[in-house]
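The lines below spell out each chain.
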There are 2 protein chains.
Amino acid sequence: MSLSRSPLENSNTFFELEPQEVSIVQTLREHGELSRTDLADLTGFSRAKITHVVGGLVDRHIIAEVGEGESSGGRRPRLLTFNSEFGYVVGVDMGATSLDIALADFNGHILERHYELADVREGAERILSRVTAIISDQIAKHGISPERIYGVGIGVPGPVEFSKGVLIVPPIMPGWEAYPIREFIRNAFPYATVIVDNDVNVMALGEQRAGAGVGVENFLFVKVGTGIGCGIVAQGHIYRGSSGCAGDIGHITADRNGPVCHCGNIGCLEAVAAGPPMAAKAMAAAKAGNSAILSRLMDAHEQQLTAEDVGIAAQQGDRAALEIIQDSGRIIGEVLAGLVNFFNPNVIVIGGGVSKIGGQFLVAIRRAVLHRSTPLSTRHLRIDYSEINEDVGVIGAIALTLEHQFVEKQ
Amino acid sequence: MSLSRSPLENSNTFFELEPQEVSIVQTLREHGELSRTDLADLTGFSRAKITHVVGGLVDRHIIAEVGEGESSGGRRPRLLTFNSEFGYVVGVDMGATSLDIALADFNGHILERHYELADVREGAERILSRVTAIISDQIAKHGISPERIYGVGIGVPGPVEFSKGVLIVPPIMPGWEAYPIREFIRNAFPYATVIVDNDVNVMALGEQRAGAGVGVENFLFVKVGTGIGCGIVAQGHIYRGSSGCAGDIGHITADRNGPVCHCGNIGCLEAVAAGPPMAAKAMAAAKAGNSAILSRLMDAHEQQLTAEDVGIAAQQGDRAALEIIQDSGRIIGEVLAGLVNFFNPNVIVIGGGVSKIGGQFLVAIRRAVLHRSTPLSTRHLRIDYSEINEDVGVIGAIALTLEHQFVEKQ
């Protein structure tokens, strides 16, 4: 390896480059394949400077020439991109009850993907051991040595102190507080830059790279599942707030007369409108004899219902189920309406498990936002389901670590 | 004048400088007086580069040497700052019913200040004619010619399309929609860079330069007066949102059973908790015979009360007045609690006319935020009254135009 990796703060490793090299690398990361002329236009560097800087990066095998672009008259320009075999990275999407892990090349193309159920409450050591074991299996299949893993990006379902890569006061992850995730991963993959972030931030990054957030300056990714959280992109960058907990919208008061939330407060958005309260309302409707379809589903599922079942019942025309879905959508929309007035985004992407519940949920969210936001703030606003919902976590986690591969020499 | 002003987009004028000159100028703008060594540390440029670039700026009279700094051993370093007489700028804080105008030197020091009542509903031409007349008086006093006015920053009480410097759908400013404010001002001051922004954004900038926002990455400036609005600083910069209307928190639903707002919706924050509803509640209490003090004040003020009167009554121990103040504070705090969960700021500054109503109002806001925000989001949060409330508008408006004096040569 001709580049030097040097241990920095928190024993994370990075490649150090000259400032102009970092500019070129970041521009390629954002745009994919570019000609030298494109690079000169985008960076503002002279053509001679581009030739010199690109030459150095090609010599060190960081970027490579691939195929030819469109000609604007003369001979076709050669296109530049990352050398996909320069190294490999891993994206980890850690859910409350699942692990989704993807091995990717240096251009972010996924080579292997593995999904399994795993309960984060089993503790950091056990879960992280599974993570490293899965990655080891994946790289073995491709004949890649652990030393060639240059980055691991991890999205976790709890608040993260981003600069340190540790969880802080994680409500659903007992035993993970301040656990040294980076060090654990780097014991197995010593050359890996390990970046840990909150799951919705990672998903927002995934949307920015490959979904409804491409090229959008200000947008929100709202995950509705067991809880409700929100990733924020402000002026093109993930916004984490002052303590790293920005976007924690699940505990905004939605109903002053609502049920007690696990956080101790009353009527929090996620206690009123997330998956579990929808399931609870459906079970109550079934027990009260208000829905034959929900009763049948409940009998078939050992007297339990999930938000998914509510969606199935609604699709079969069940009125009680439809009302539950519309209520949840309306309540979420009312909270989002306030955030639209405050944040004035271009786009809101709705993802997470509950977003698979059918179109009525989205309609109810949209209607409440339009009804309760100012006309000016919704003038250019789109609200849609994520079109990459199943992949957005790993795509974001891969992007997160690729973004942190190169730093400016100090 | 050895520098060229060139007309750019929207016929605004700027000084064009080399990129490294712009870096030096911005660093000085943020830090005030600096030595060459400080500049080298802050910009990362070599000492030789600093000497060269600073030399060019001194030759063109943009920056000047002033006094000496602390020595770290050898001889005392010379300090650099803007040449205060390079040009002059004006900050205009336009309220719904007032004009506050300050003439300043190129370091932002105020030379003249003028305040008068003026109703924006009189229309753009009339109000802007007053603005140019006041500025003309101010510069005449100091023997400054109109050609030496290099910038005018204006905060207006309505939503602004920042890139064009025009108001969009201004609810309380009929006749101002799309009015060419820049062109009007530049007829009188042809060399002025005219920057128009929403009043709360300008106030947030004022707090960042001279108040509770100095050095704070993420904070909110909340103005409580006739309406309620919020300026947002995210990652050190004013955040305006996708249509320029970010921070319009006055129309967030605060009480579903509340009164109809002038926007047509029900129970908007400003319809429930701003100055006018406080005054209305006080008049109702007086009429119902629930407050002898409020009744006396009402008799003394032609059967009208203001939010200020409510504050006076509360300070005299009036229970009804105190309850009105606490209710408003609690309702504002409940809305801010949701925004704290979402935005996770370090600081919230409360300003505007109603912030002069006494300490109980602030206490009620703080209490509601602490009660309804997540513990993590309030861990490092301060909520305070603005300490520069009377000046924050003009300070911000001056900073706004000084920030836009120099642009990079294309």
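Above this text you will find the structure in question.
Note that the structure is predicted; figures quoted are calculated from it, not measured. (Residues numbered from 1 in each chain as written. Chains lettered and ligands numbered in written order. Predicted model: local features only at pLDDT ≥ 70, side-chain atom pairs only at ≥ 80, totals over all residues. Heavy atoms only, no water.)

## Concerning the sheet that holds strand S12 (residues 193-198) of chain A
Residues and elements named next belong to chain A.
Part 1: The mixed open sheet is built from five strands, whose spatial order is S8-S7-S6-S9-S12. Looking at which strands have only one partner, the edges of the open sheet turn out to be strand S8 (110-117) and S12. Recorded for the sheet is a direction-independent mean angle of 15 degrees between the axes of neighbouring strands.
Part 2: Relative to strand S9 (residues 149-156), strand S6 (residues 88-94) runs parallel, the two being bridged by six bridges. In the strand pairing of S9, Val 90 is matched with Val 152.
Part 3: Across the sheet, helix H6 (residues 199-210) touches S6, S9 and S12, and the angle it forms with S12 is around 105 degrees. (Pairing = 2+ DSSP bridges. Helix = DSSP H or I, 4+ residues; strand = E, 2+ residues; numbered from the N terminus. Axes fitted to C-alpha atoms, helices over the stretch in contact; angles between N-to-C directions. Contact = heavy atoms within 4.5 Å.)

## Notes on the relation of the copies chain B and chain A
Between the two copies of this chain, the relationship is a rotation about some axis together with a displacement along it.
Part 1: Superposition record for chain B on chain A: RMSD 0.0 Å, screw rotation 180 degrees, translation along axis 0.0 Å. Overall, the copies show the geometry of a two-fold rotation axis.
Part 2: Here 100% of the contact residues of chain B are again contact residues in chain A; the copies associate through an equivalent surface. (Least-squares fit on C-alpha atoms with pLDDT ≥ 70 in both.)

## Considerations on the packing of aromatic side chains
Part 1: The tally for this structure, following the rule as stated, stands at 23 aromatic pairs over all chains.
Part 2: On the numbers, 6.3 Å between centres and 35 degrees between planes, the contact of Phe 86 of chain A with Phe 406 of chain A is tilted. Here Phe 86 of chain A, found in the loop between strand S5 (78-82) and S6, pairs with Phe 406 of chain A, found in strand S18 (residues 406-408); they are 320 residues apart in sequence, far enough to count as distant.
Part 3: The buried category is assigned to Phe 86 of chain A, whose relative accessible area is 9%.
Part 4: Ring centres of Phe 343 of chain A and Phe 342 of chain B lie 5.7 Å apart, and the angle between their planes is 70 degrees; this geometry places the pair in the edge-to-face category. Taken together, the positions of Phe 343 of chain A in helix H11 (residues 319-343) and Phe 342 of chain B in helix H11 (residues 319-343) put the pair across two chains.
Part 5: Of the residues examined, Phe 343 of chain A reaches a relative accessible area of 3% and is grouped as buried.
Part 6: Taking the relative accessible area as the measure of exposure, Phe 342 of chain B reaches 0% and is therefore buried. (Phe/Tyr/Trp six-rings, centres within 6.5 Å; stacked < 30°, edge-to-face > 60°. Buried < 20%, exposed > 50% of the residue type's maximum accessible area, 1.4 Å probe, protein only.)

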